[in-house]
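Residue strings, one per chain:
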Amino acid sequence: MEMSDPAVTPAPFPAAGNITDAEREELRRHGILLTSLEELYNWGRSNSIWPLQFGLACCAIEMIAAATARFDIARFGAEIFRPSPRQADLMIVSGTVTKKMAPQVVRLWNQMPEPKYCIAMGACAISGGPFKQGYNVLKGIDRFIPVDIYIPGCPPRPEALLHGLIQLQAQIKGEKLTGPDAARHTRPEEPSEFPVPEYGAHDLEPPHNPDVWSPPAALDKP
Amino acid sequence: MSGRHPLLWTSRSQHPPLHFTFTHSTPTLLETAEQIRDRLVTRFPAAQIVLVPNPGPAAEHSLLLDATHAPDIARFLRDDPVLRLDYCSNVTGVDWPDKDITGITKTSVPDPAGGPPKIVEQKTVRRQPGCLEAVYHLYSMALKHGPVILRLCTANRIDAVTLPSLTPVWRACDFQEREIFDLYGIVFEHHPDLRRLLMWDEFKDHPMRKDYVEPDDYEWEPTAHGAVLERAKAHLTPATTAIKEGPKP
C-alpha cells in the first residue's frame, strides 16, 4: 500500500512508502509483516461496516434476506444493523423514498458520524423506479445526499447487495487519509451534513439540493 | 351444503341446486335497492334520495343522499333490524369536473319562396356543474349481506366542499375519510380528527382531482418516452429534442 505523499507529510518510517508490493510479499514470506497505519485503518473499517437498520419498501426484504444464514452478510462484517444513526457507518436506502419520507432520510444521514457511506438500493432509491411519475415519489435519493454505490434491480437480489457491499469495501480500502486525493471524510471543507428539505405547498422545498445533484449537462448538448 | 367443497365439483350433474348459496360469498341483500329507497323515503320524507342505477352486470345500484339527512339515514341503515349494516368496508372519492354538454337543436325555417322548409341546426352548450363525491360501501356482519352503496355529493368543487362525516356512525370511516380529505379535498364535518393522511400537512393540493397539476421534476429523463417525453421536452434544448425524436421525415 502506498503511503502518504512525503512532500506534504514527512514519512514516519523511512522506506514504508516506497516499498513495492513484490518486496513486501518477499518480506512476508520471511515472517515480516509490513503495513501502514492507513492500510490497517482501512482494512479494519472496510470489514466492519455497520449499516443503519431501516427499510423503506420491498428492497428492505431483500436486505433482510441478505442478513439471514443463506446469504450471510456477516461474512463481510456488515451484519450489525444499528438502530441508531450515531452508531452506523452505512445507510442502505432500500426502497421507494416518498417525498414525505425524504426529509427524515436526510436527517438520519446528517445524524450519522463520519466516515459514512450511502448505498442506493434498487430502482426506486436510484431514480424513483416504477413510481417515478408519481407526484409523491422522490426521483432518487441522490438529489439530496451523496450516494457511493448504486445497486440496480427491482428489487436487487441479496447477492447484488453483497456485491455492492464488496464494491464499497474496495472503495474504502483504496481511500487515502492524507494528501491532495485524501478521502472525503478527512477533508474539513467537505460537508458532512446536508440541508433537510422542507415540506412545501406543492413539492419539497427545494425539490433537490443543487450542491449535490443537478441534471447532467451532457444530455442538453447537441 | 351437500358436504363437498365447491372446488371439487367436477361435472355439471354434481352442481348444487339453484337455491344453494356459497357459504364463503356474501349473500345478496334481502331487499333490493328500490325497496331500501322506498323505505327510506317513507322514514325520511324530507330527504332527497335518488337511486343511481348501475347498468353493468354487477348491478350494484347506489343511493345518492342529500348531505343534510345523510347522518340520520346512515344511523337508520346501521340500526335497522332488516338491514343491520354494521360494517363500512370502503369509502372512496370521485371527482366530477365541470362538463360542457353540447346539444343540437334543429328548427325548421319555412322557405319564403315556397320551397321545402330549411332545417337550421343550432348548437347549445350547457355547462353541467361538477361536484366531489364520497362513496360508502356498507355490509352487514351480523346478517352477512351487502353491499349497500351510498353516495354523497358536495355542492361544487371549489368552495362548498363540505359533507357530513359518517365516522360517528361507522368508526371504520376515520382513515378513509381522512384520505378523501387529503386527495380530493372534501371537508368532512364532525370528523373527530380531520388531518391529511398521506401527504404532509403543509401540502395545499388535492392530487386525485382531475385538474391537479403535479410538480415538474422531469429535468432528467434518460429514457423518456410517451407522456414522460412530453413533460421532459420543456427542459431540453431544441437540438436535444431533435436527437430524441429522431430525424424528421
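Our subject is the structure listed above.
In what follows, the accompanying structure is described. (Residues numbered from 1 in each chain as written. Chains lettered and ligands numbered in written order. Predicted model: local features only at pLDDT ≥ 70, side-chain atom pairs only at ≥ 80, totals over all residues. Heavy atoms only, no water.)

This brings us to the interface of chain A and chain B. At the junction of the two partners, chain A supplies 22 residues and chain B supplies 26 residues. Here chain A meets chain B over a buried area of about 2300 Å², counting both sides, of which 59% is carbon and sulfur. For the pair chain A and chain B, the number of links is 5 salt bridges. One salt bridge connects Lys 132 of chain A with Glu 221 of chain B, and the closest N-O pair in it is separated by 3.0 Å. For the pair chain A and chain B, the interface holds 9 residue pairs in polar contact (both at pLDDT 80 or more). Counted by class, the side of chain A that touches chain B contains 9 nonpolar, 5 polar and 8 charged residues. (Contact = heavy atoms within 4.5 Å. Buried area = accessible area lost by both parts, 1.4 Å probe. Salt bridge = Lys/Arg side-chain N within 4 Å of Asp/Glu carboxyl O. Polar contact = N/O pair within 3.5 Å; in protein donor to acceptor, adjacent residues only side chain to side chain. Nonpolar A, V, L, I, M, F, W, Y, C, P; charged D, E, K, R; others polar.)

All right, on to the pattern of salt bridges then. The final tally for this structure, using the stated rule, is 28 salt bridges over all chains. In this structure, the salt-bridge partner of Glu 39 of chain A is Arg 24 of chain A, at a minimum N-O distance of 3.0 Å. With Glu 39 of chain A in helix α2 (residues 37-46) and Arg 24 of chain A in helix α1 (residues 21-29), this pair connects stretches of sequence that are 15 residues apart. By relative accessible area, Glu 39 of chain A is classed as partly exposed at 21%. Exposure remark for Arg 24 of chain A: the relative accessible area of 18% places this residue in the buried category. Across the pair Arg 127 of chain B and Asp 100 of chain B runs a salt bridge whose closest N-O atoms are separated by 2.9 Å. Note that Arg 127 of chain B is positioned in strand β5 (residues 118-128) and Asp 100 of chain B in strand β4 (residues 99-109), a separation of 27 residues in sequence. Residue classification places Arg 127 of chain B among the exposed residues on the basis of a relative accessible area of 52%. (Helix = DSSP H or I, 4+ residues; strand = E, 2+ residues; numbered from the N terminus. Buried < 20%, exposed > 50% of the residue type's maximum accessible area, 1.4 Å probe, protein only.)

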